[in-house]
Amino acid sequence: MAASIPPDKAQSLPNNILIKEDPEAEECVNGSTEDCTIKRDPVVPLLSPVSGLQPLVWSEDHRLAVCTSGSLSVMELVCDVNNSNLDLTLHRTSIAVPTEAHRFQGGPAAEFAEAVEKFSTHPDPYIRQVFLADTVMNPALGGHKGIKHAAWSPLGCDLNGCCLLACLTLDNRLTIHNSHKRLEWNMLVNLSKKYSNRLKEQGYAGKDNKPPEANLLDFEELQRRFRMQTPLRMEWSSIYTVKHFQPNNTCIDIEMVLLAVLMENGDLVLWKFVLPFLNGDGVEFFDLMESGVTSPSDLAWWEYENGERRMSGLIVGSEVGPVKIMPVSLPGVKGYFTLRHPIILWKECDEIAVGNLKCISMVHPIQKTSCSLIVASRGCYVFWCLLMISPAGLNVHNSHVAGLHSLPVLSLAVSRHGIAVYTCSIDGWIKKLTPTFTENSLIFKQEDIMRPESITARRIHSIAVSYNGAYVALVSTQGMVCGYHPINRTYQVHFMTLKTPEMASALLLESPIQNLYRMTDLLDLVRWQILKDKCIPASLMDELEQKIRETDSTYLWRFKLFLVRILCQSLQSPLTEHRWKPSQEGSQAVDSQDQEDTQDMEGSSYEEERSEVKQEATYEEKLAQTQALIGSIEKHLMRENMKKVLGAVYLNTCITQNTSIPTCGLMEYLSGDTNDRDLEVLIGHIKKKMAKQTFSEHCSLCREVLPFSDHKQTVCENGHLWLRCVLSHQACQSLTFRRCLLQDSIAKLPEPEEPEWIKKLLQAPCTLCDSPMI
């Protein structure tokens, strides 16, 4: 029911606000990546050495997980509009490695103790050495301490709409964590323990559910039981919507996500998480698949979508070379179908290990069909495979990119917006591969990523690219000093830009996501440019104003609010005097010679002081106008949200129902706009439906009526002040409420007795900045 603003009412910047003219805004758009690479501060030191084959993992909610031997360090990129510092704003937390020992069960304790005694002194040296060197089977060996692998779920899986974190330790403990109020991490479920108990109940049977004939005194059976519950890798699927029938025969849609776990014996264990995931009760065993891959090394999801048709599979790589896709069947998902047989992507057993598996969904620019690009590292080469589904069937094109590195590829990262593949070798060289499509295949353009001088002498262990490809993070350790290796190595995380602020602005204006929070890494580049230049680029503001006149999207208004708020931060002069220092007046008399020198200096600097005063007055005037513009844009966004709330009230209320929404106050607040015909019609329908009934809000302390005169707060006659919810515009009269991630506003917690449509309103992100409410 919300109406659009006419073009002539679109608010613009005042004429004397600084706007940067940038005729070279297209620089680096068509140039090389070297022009875009700039090192950003701060450099984050790590307290422990990195561990695992892929230590860096970046999430969709802009958090970087670093696997170390002491903890899983998490750094959240925050685009803080209230911070005038040019450095990146990183919010650091960590998940400590558990101190208690973790051991798998292979059978009865007495039988396992007998097997340990037997194989520790076995006459066959091969069996004896294999058992004694295995940290999983041999209880005499202490387990390694550290993080083996970490995996982020898609956005929107936990209660706050953020990502879940799957953590696998070096002692094979797989746990799921979520962030509590951005300060600490809570373990929600231990999947390793859950799966071990399941295997114990089934007698350690395989997929056929036939109990094993041998016991633990058989060495092959002992290996099988431990390898079937030792995880190597885990990966999350995308979010699926499934039809669920309730006991009263009503059908509702529920969302779920799958976690695939690759075991040491090649089994694929699928866990189903009902969203939003709260605790261990919301996870259940989904399926077990036998991949048949010997010596598995890596795992990735393959998801194909074309219109309403969808299919999924799991890509499994091997240490000896082969790569294959195992089909995944998902009953109950609309338009879902599955492959009949596994797909062999690479069948040669050439003893080259497969690692860093990635899968990218894209549209073929020539054939205009959906396709999938699969990339992986195989030694010094990059393996790629292009999958296209046509009416004739599935087409598979694969090859290798050679000549990239002289040493094995250590890490591989993918930028999904503007498809690009970044590779890094042991010697620290970083390459960029850009795919270019032909009629039936594709070729890769190779580029070098320039590294700052502070990184060239350091060894790189891993790289990761942010969700929208704005930054690349790399973890490094100190190289040789004076020709010698240092005794103590220093591990650091560095950040470098991959796009210019002009490229980031273009992507933000054309974003199909229409959500500022999802584009935080690109926003931070724009913020950095405005703070550095103390102005908004003229081309950006002109194009933004043009788009607002054409579409009047709420997303564009929020983007404009963000730009103006950063400009306001750049115009505010920093504090130059320390307020804690005592005043020097009267502390000591100045001698006569010093007074004469001071009088001479005053005459020469008089003109400089006048120019400085004039400049300060100009900046103060611009600052005041910018602050006024911020208030007008915030008011516009609030009015648009009020229209949305009134539309929900009209559609979901009966004649005599008290909705706890300040409906009359909202209508009175909005009734001043006489140019919005749709709003007048909506208010007329609601007044007719209410039939002169008014459900006023009352103060919980004195029971006086709370007026609706401001969208931020309300004050009763006795002076009790309450803040208003930014989502439902109700007065927050409880001790607990939620706050926006950037602390722009607050939102009330839903009451149990409130209807579902109000609870749905309270699940929305912040009206001003799209950030989640925590």
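Residues numbered from 1 in each chain as written. Predicted model: local features only at pLDDT ≥ 70, side-chain atom pairs only at ≥ 80, totals over all residues. Heavy atoms only, no water.

In the annotation of an unreviewed UniProt entry, the protein is listed under the name General transcription factor 3C polypeptide 4 and assigned to Takifugu flavidus.

### A closer look at the sheet that holds strand 29 (residues 471-477)
Here four strands make up an open sheet; going across it, the order is 2-30-29-28 and the pairing antiparallel. At either end of the open sheet lies a strand with only one pairing partner, and these are strand 2 (39-45) and strand 28 (459-465). Mean inter-strand twist for the sheet, computed between neighbouring axes without regard to direction, equals 20°. Sheet topology places strand 28 next to strand 29; six bridges connect them, and they run antiparallel. The partner of I460 across the bridge, within strand 29, is S476. (Pairing = 2+ DSSP bridges. Helix = DSSP H or I, 4+ residues; strand = E, 2+ residues; numbered from the N terminus. Axes fitted to C-alpha atoms, helices over the stretch in contact; angles between N-to-C directions.)

### Remarks on the nonpolar core
The tendency in soluble globular proteins is for nonpolar side chains to be buried as a group. Formed by 88 residues in total, the largest nonpolar core has its most connected members in L64, V493, F495, F559 and L563. Looking at this core, you find at least three residues from each of domain 1 (38-498) and domain 2 (629-763). Apart from residues lying up to four places away in sequence, L563 is in contact with V526, I530, I536, L540, M541 and L544. Counting 27 residues, the second largest nonpolar core, distinct from the first, contains M234, W236, F273 and V283. (Core = buried A, V, L, I, M, F, W, Y, C linked by side-chain atoms within 4.5 Å. Buried < 20%, exposed > 50% of the residue type's maximum accessible area, 1.4 Å probe, protein only. Domains from an automatic or database assignment. Contact = heavy atoms within 4.5 Å.)

### Observations concerning the side chain of N138
Turning to its location among the elements, N138 is positioned in the loop between helix 2 (125-133) and strand 7 (147-152). Taking the relative accessible area as the measure of exposure, N138 reaches 4% and is therefore buried. Residues contacting N138, with those up to four places away along its chain left out, are R103, F131 and L132.

### Remarks on helix 12 (residues 663-670)
The buried fraction of helix 12 is high, at six of eight residues. Among all positions of helix 12, only T663, G665, L666, M667, Y669 and L670 are buried.

### What to know about the packing of aromatic side chains
A complete count under the given rule lists 13 aromatic pairs for this structure. Taking 6.0 Å as the distance between ring centres and 45° as the angle between the ring planes, the aromatic pair formed by F119 and F131 counts as tilted. Separated by twelve residues along the polypeptide, F119 in helix 1 (residues 109-120) and F131 in helix 2 bring together distant segments of the chain. For F131, a relative accessible area of 0% puts it in the buried group. On the numbers, 5.1 Å between centres and 50° between planes, the contact of W236 with F273 is tilted. On the criterion of sequence distance, the pair formed by W236 in strand 11 (residues 231-236) and F273 in strand 14 (residues 267-274) is long-range, its members being 37 residues apart. For W236, a relative accessible area of 7% gives the class buried. Here a set of aromatic residues connected by ring pairs shows up, and it is made of F119, F131 and F219. Positioned above the aromatic ring of W429, the side-chain terminus of R451 is 4.7 Å from the ring centre. The side chain of K689 reaches across the aromatic face of Y650, ending 4.9 Å from its centre. (Phe/Tyr/Trp six-rings, centres within 6.5 Å; stacked < 30°, edge-to-face > 60°. Lys NZ or Arg CZ within 6 Å of the ring centre and 35° of its normal.)

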